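Coordinate analysis (summary)
Chain by chain, the residues:
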Amino acid sequence: MRILQNYVGGKWTDSASGRRRQSFNQANRDELICETQDSTPADAEAALRIAAEAFPAWSHTPMPRRAALLQEFLKHFGTREEEFARAITRENGKTLRESRTEFLAAFKEAEFQVGQGRRTAGASRPSELPGVTCHLRREPLGVATLITPWNFPLNVACRKLIPALIAGNTCVLKPADLTPMTAALLFESLHAAGLPPGVANLVFGRGSVIGDTIVTHPAVKALSFTGSTEVGLGIAQKLAGRDTKIQLELGGKNPLVVLADADLDKAVEAAIIGGFGCSGQWCTSTSRVIVEAGIHDTFLAKLIAGVKAIVVGDGSDEAVKMGPVCGSQQYETILKFIEVGKQEGARLAIGGNALTEDRNAQGWFIAPTVFADVAPEMVIAREEIFGPVVVVLKARDFDDAVRLANDTRYGLASSLYTRDLAKAQRFIAESGVGLCHVNLPTAYKEPQLEFGGVKESGRGNPEAGDSGIEFFTRHKAVYVKDQP
């Protein structure tokens, strides 16, 4: 069992409170993984102050030099795949395969953004005046607060932290309470790279205790948050009118639309990957499957057969296909939604229960669940469950399917399975989301493209791609005349 310290000013330090909080294995809640600092507002304020003090020197370090330092981070980070994967599996519950996939995705996100350090500085534009040159500069904002989630504790942290640092900002990262070990390992690799003290800082603690400090402190010039829509919109309200740039990656209720001409086996596979991968706990998960009426029953039968084959258990077992959900609060919330679905009159096609026997007795296990005969006005069709629960809705035709897909307050990801190129193009144009897929799962993404939602799924610039650095900079237009 490890004791994890905050990382502030290039040093590992204890909280001023002297208190620690415990973190347990999601597959075996009797297994203590580590203890973390129960930080106070004073701890958070000290980290922000030190980050502000480090900002002038770091922001004036040439971007290629910043990139070179973070290239050293990549070298160290890249040697620790299995260590990270096992930590993610223990504290999040993912299978080892899923954890290794997260590590690879995080590495790719970081690698792409480090590469931006040698190509992203601004842009030249022609002037209408003789002897005048025009260009745009990108300049860092200052101190950035980064608040990362427990469902992708490594990938999201890299997606936020690396572009913020490459752009010349200094950072304070607050990880989710449930996944502290992953954050500590990440900062060990940053420390090994030799970043100047105060450039990247890590503060553990409860959001209810230190949240207001790291969000509203005057030193904070950028805030990037990934989490629930309710918490994110609350942050936006707190920062209204302030000189703080915000980036919010929030919830989703993502539809996978299956048309009558689709390859049903591939569509079923996509529904299972998107609905039950990571126990359904990704913001881009497939939580609604909308199927044309003519193939509805055939698709549902294939989906149920596929779900029956999912082996649930401790993710450290290589034979397991789905691990536990992450923590008691998620466990209780998901089970409540399942009960709501039953009470609303949806037909429970498979699952719908906690798994509490034998090897699953000490973990937060829920059977992969499918509801059929779901009406679009039902709670389970409208609210983000964030667990291994998929609801299946029947559509009359393509137009009805698109209407159902867009009938949500969220707008993160969508997918269409079809062989009809014309319908695919219409779906791309009409789908009200930030990430649209055709014949791919709703959760698929690559680091060179932006990641973000619309409606109540996001605010501000999206993450990743060119927008990764874009968010963490301000633009300055420059005009230079060669003769005074």
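Residues numbered from 1 in each chain as written. Predicted model: local features only at pLDDT ≥ 70, side-chain atom pairs only at ≥ 80, totals over all residues. Heavy atoms only, no water.

**Section: the pattern of salt bridges**
So the rule is basically this: Here, a salt bridge means any Lys or Arg side-chain nitrogen found within 4 Å of an Asp or Glu carboxyl oxygen. Per the convention used, a helix needs a DSSP run of H or I reaching at least four residues, while a strand needs a run of E reaching at least two, with both numbered from the N terminus. When accessible area is computed with a 1.4 Å probe and restricted to protein chains, residues below 20% of their type maximum are described as buried, those above 50% as exposed, and intermediate ones as partly exposed.
One pass over the full model with this rule turns up 36 salt bridges. As a salt-bridge pair, Arg86 and Glu82 come within 3.2 Å of each other at their nearest N and O atoms. One end of the pair, Arg86, and the other, Glu82, are both in helix α3 (residues 81-92), 4 residues apart, so they sit about a helical turn from each other. On the accessibility criterion, Glu82 (31% relative accessible area) is partly exposed. Among the ionic pairs, Glu463 bridges to Arg159, the shortest N-O distance being 3.2 Å. Here Glu463 is found in the loop between β22 (458-459) and α15 (467-471), whereas its partner Arg159 is found in helix α5 (residues 155-166), with 304 residues between them in sequence. Taking the relative accessible area as the measure of exposure, Glu463 reaches 1% and is therefore buried. Via salt bridges that share partners, Glu109, Arg159, Lys160, Lys445 and Glu463 belong to a single interconnected network.

**Looking at the packing of aromatic side chains**
Our working rule: Centres within 6.5 Å are what make two rings of Phe, Tyr or Trp a pair, Trp counting through its six-membered ring; a difference in plane orientation under 30 degrees is then read as stacked, over 60 as edge-to-face, and the rest as tilted. Our definition puts a charge over a ring when NZ of Lys or CZ of Arg is within 6 Å of the ring centre and also within 35 degrees of the ring normal.
If you walk through the whole model with that rule in mind, you get 11 aromatic pairs. Relative to Trp282, the ring of Phe152 has its centre 6.0 Å away and its plane inclined at 25°; by these criteria the two rings are stacked. Placement of the pair is Phe152 in the loop between β8 (143-147) and α5 and Trp282 in the loop between α9 (264-276) and β14 (286-292), with a sequence separation of 130 residues. Each member of the pair, Phe152 as well as Trp282, is classed as buried. Ring centres 4.8 Å apart and planes at 75° place the aromatic pair Phe471 and Phe472 in the edge-to-face group. The same class applies to Phe471 and to Phe472, which are both buried. Through a chain of ring-to-ring contacts, the aromatic side chains of Phe73, Phe77, Phe84, Phe103 and Phe107 assemble into a single cluster. Residue placement shows Arg29 over the ring face of Trp364; its charged tip is 4.3 Å from the ring centre. Residue placement shows Arg159 over the ring face of Phe451; its charged tip is 4.3 Å from the ring centre.

**A word on the environment of Asp261**
Definition in use: Residue contacts are counted whenever heavy atoms from the two residues lie within 4.5 Å of one another. Any pair of N or O atoms that falls within 3.5 Å is considered a polar contact. Within protein, one atom must be able to donate a hydrogen and the other to accept it, and sequence-neighbouring residues count only if both atoms are side-chain atoms.
One can find Asp261 in the loop between β13 (254-258) and α9. With 33 residues separating them in the primary sequence, Asp261 and Gly294 have C-alpha atoms 9.9 Å apart. Not counting the four nearest positions on each side in its chain, Asp261 is found in contact with Thr418, Arg419 and Asp420. Separated by 3.1 Å, the side chain of Asp261 and the backbone nitrogen of Asp420 make a polar contact.

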